[in-house]
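# Survey of secondary and tertiary structure
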Amino acid sequence: MTDDSSEPDSPKSLTKSALKRHMDALQKMGETLVHLSDTELRKIPLENPLLDAILTARSLKSHEAKRRQLQYIGKIMRNVDVEPIQLALEKVQNKSQAGKAQFHQIERWRDQLIAEGDVALEKFIEQYPDADRQHIRQLMRKAQQDVKKQKNTGGETELFRYVRELVEKTG
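All figures in this text were calculated on a predicted structure; none of them were measured in a lab.

Attention shifts here to the overall build of the chain. When you go through the chain residue by residue, the secondary structure sums to eight helices and zero strands. Walking the chain from its N terminus toward its C terminus, one meets helices and strands in the order α-α-α-α-α-α-α-α. Radius of gyration (C-alpha) of the chain: 25 Å, far over the 16 Å computed for a compact globule of 171 residues. Taken along its principal axes, the extent of the C-alpha atoms in the chain is 75 × 40 × 30 Å. Taking all 171 residues of the chain together, the buried fraction comes to 30%. Considering only intrachain contacts with a sequence separation of at least 6, the fraction spanning at least 24 residues in the chain is 51%. A total accessible area of about 11800 Å² is found for the chain, and carbon and sulfur atoms account for 49% of it. Once the 30 positive and 27 negative side-chain charges of the chain are each reduced to a mean point, those two points are 6 Å apart.

This is the structure we're talking about:
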């Protein structure tokens, strides 16, 4: 029979302050889980009581009720192996950050293509050789007209979509 307190990271071997920090960290992780989208939450390996508590916390309107529910989630998480949850959560968050970075890259390309014209087009074609030069030029002209006339006929959006399609295809 092993003694849990002999393990360096076991809650019984922690000082009172360290134990409180550990419990706060679990509660914060639970709060992060509550704020995930349904799709992201499905990617996290959660046991039933924890999943039920998270879904309940999402439905609560009262600030105080949510606070108590988050404390309850933290309490449940003390008895759960949090390592697989932490790994899956990091993976979901990194994917989300990568998606945002890619979105901003596409926006920059679109803005450069509109502002710089052929110079930016050459750089873009160099990086994405599968691009249809003629089609991009048409989309650029339409977007430039929109900017010039301060109208919104969808030129910028069409250019953005085409750039996004190319960027996502080349991965």
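Position of Glu-156 relative to the elements: it lies in helix H8 (residues 155-170). Judged by relative accessible area, Glu-156 falls into the partly exposed class, the value being 30%. Setting aside its immediate chain neighbours within four residues, Glu-156 contacts Arg-110, Ile-114, Ala-143, Asp-146 and Val-147.

Here the focus is the packing of helix H1 (residues 16-34) against helix H5 (residues 82-116). Where H1 contacts H5, the two axes come as close as 12 Å, and the packing angle between them is 45°. It follows from the interaxial angle that H1 and H5 lie oblique. In this structure, the crossing between H1 and H5 has a hand that is left-handed. Note on element contacts: H5 touches H1 through Val-82, Ile-85, Gln-86, Leu-89 and Gln-93, opposite Leu-26, Met-29, Thr-32 and Leu-33. A class-by-class count of the residues in the contact of H1 with H5 yields six nonpolar, three polar and no charged.

Before going further, it helps to spend a moment on the packing of aromatic side chains. We describe a pair of aromatic rings using the distance from one ring centre to the other and the angle between the two ring planes. For the coordinates displayed, the defined rule picks out four aromatic pairs. Among the aromatic residues, those joined into a cluster by ring pairs are Trp-109, Phe-124 and Tyr-128.

It is worth spelling out the packing of H1 against helix H4 (residues 63-77) at this point. Look at H1 against H4: their axes get within 8 Å of each other, and the N-to-C directions meet at 115°. Judged by the sense of rotation from one axis to the other, the crossing of H1 with H4 is right-handed. Every residue of H4 that contacts H1 at Leu-26, Gln-27, Met-29, Gly-30, Glu-31, Leu-33 and Val-34 is listed here: Arg-67, Leu-70, Gln-71, Ile-73, Gly-74 and Met-77. Of the residues belonging to the contact of H1 with H4, the class tally is seven nonpolar, four polar and two charged.

This brings us to the nonpolar core. If you look at the biggest cluster of nonpolar residues, it comprises 21 residues, and the most contacted ones within it are Leu-33, Ile-44, Leu-46, Leu-50, Ile-54, Ile-73 and Ile-85. Broken down by secondary-structure element, the contributors of at least two residues to this core are H1, helix H3 (48-59), H4 and H5. In terms of nonpolar packing, the next biggest core, distinct from the first, is built from 20 residues, Leu-113, Ile-136, Leu-159 and Phe-160 among them.

For the rest of this paragraph, the subject is the side chain of Asp-146. Assignment of secondary structure puts Asp-146 in helix H7 (residues 133-149). The side chain of Asp-146 is buried and forms no salt bridge, while Lys-142, the nearest opposite charge, is found at 6.4 Å. Excluding its chain neighbours within four sequence positions, the residues that come into contact with Asp-146 are Lys-151, Asn-152, Thr-153, Gly-154, Gly-155 and Glu-156.

Now for H8. Under the 1.5 Å per step criterion, the end-to-end length of H8 is 23 Å for 16 residues, consistent within 8% with the ideal 22 Å. In this fold, the buried residues of H8 make contact with H5, helix H6 (118-127) and H7.

Cut-offs used in this document
Throughout, residues of each chain are indexed from 1 in the direction in which the sequence is written. The predicted origin of the model limits local features to residues at a pLDDT of at least 70 and limits the giving and counting of side-chain atom pairs to 80 or more, whereas totals for whole chains, interfaces and linings rest on all residues. Hydrogens and water are ignored here; the side-chain numbers use all heavy atoms of the structure. A helix here means a DSSP run of H or I that spans at least four residues, while a strand means a run of E at least two residues long, and both kinds are numbered starting from the N terminus. Radius of gyration: C-alpha atoms only; globule rule: 2.2 Å multiplied by the number of residues to the exponent 0.38. Relative accessible area decides the class of each residue, using a 1.4 Å probe on protein chains only: under 20% of the type maximum gives buried, over 50% gives exposed, and in between gives partly exposed. Contacts between residues were defined by any pair of non-hydrogen atoms, one from each residue, lying within 4.5 Å. Under the convention used here, a 1.4 Å probe and the Shrake-Rupley method define accessible areas, while residue burial counts only the protein chains that appear. His is not counted, nor are the chain ends; Lys and Arg add positive charge and Asp and Glu add negative charge. By convention, the point assigned to a charge is CZ for Arg, NZ for Lys, CD for Glu and CG for Asp. Only the stretch in contact is used when a helix axis is fitted, and all axes are lines through C-alpha atoms; the angle between N-to-C directions ranges over 0 to 180 degrees. Angles below 35 degrees are treated as roughly parallel, those above 145 as roughly antiparallel, those between 65 and 115 as roughly perpendicular, and all remaining angles as oblique. Handedness of each helix crossing follows the sense of rotation of the near helix against the far helix: counterclockwise by less than a right angle gives left-handed, clockwise gives right-handed. For this classification, Asp, Glu, Lys and Arg are treated as charged, while Ala, Val, Leu, Ile, Met, Phe, Trp, Tyr, Cys and Pro are nonpolar and the rest, including Gly, are polar. The rule is short: rings of Phe, Tyr and Trp, with Trp giving its six-membered ring, pair when the centres are within 6.5 Å, and they are stacked under 30 degrees, edge-to-face over 60, tilted in between. Working definition of a nonpolar core: buried Ala, Val, Leu, Ile, Met, Phe, Trp, Tyr and Cys residues. They are joined through side-chain atoms within 4.5 Å. The salt bridge criterion pairs a side-chain nitrogen of Lys or Arg with a carboxyl oxygen of Asp or Glu, the two atoms within 4 Å. Expected helix span is computed as 1.5 Å times (number of residues minus one).

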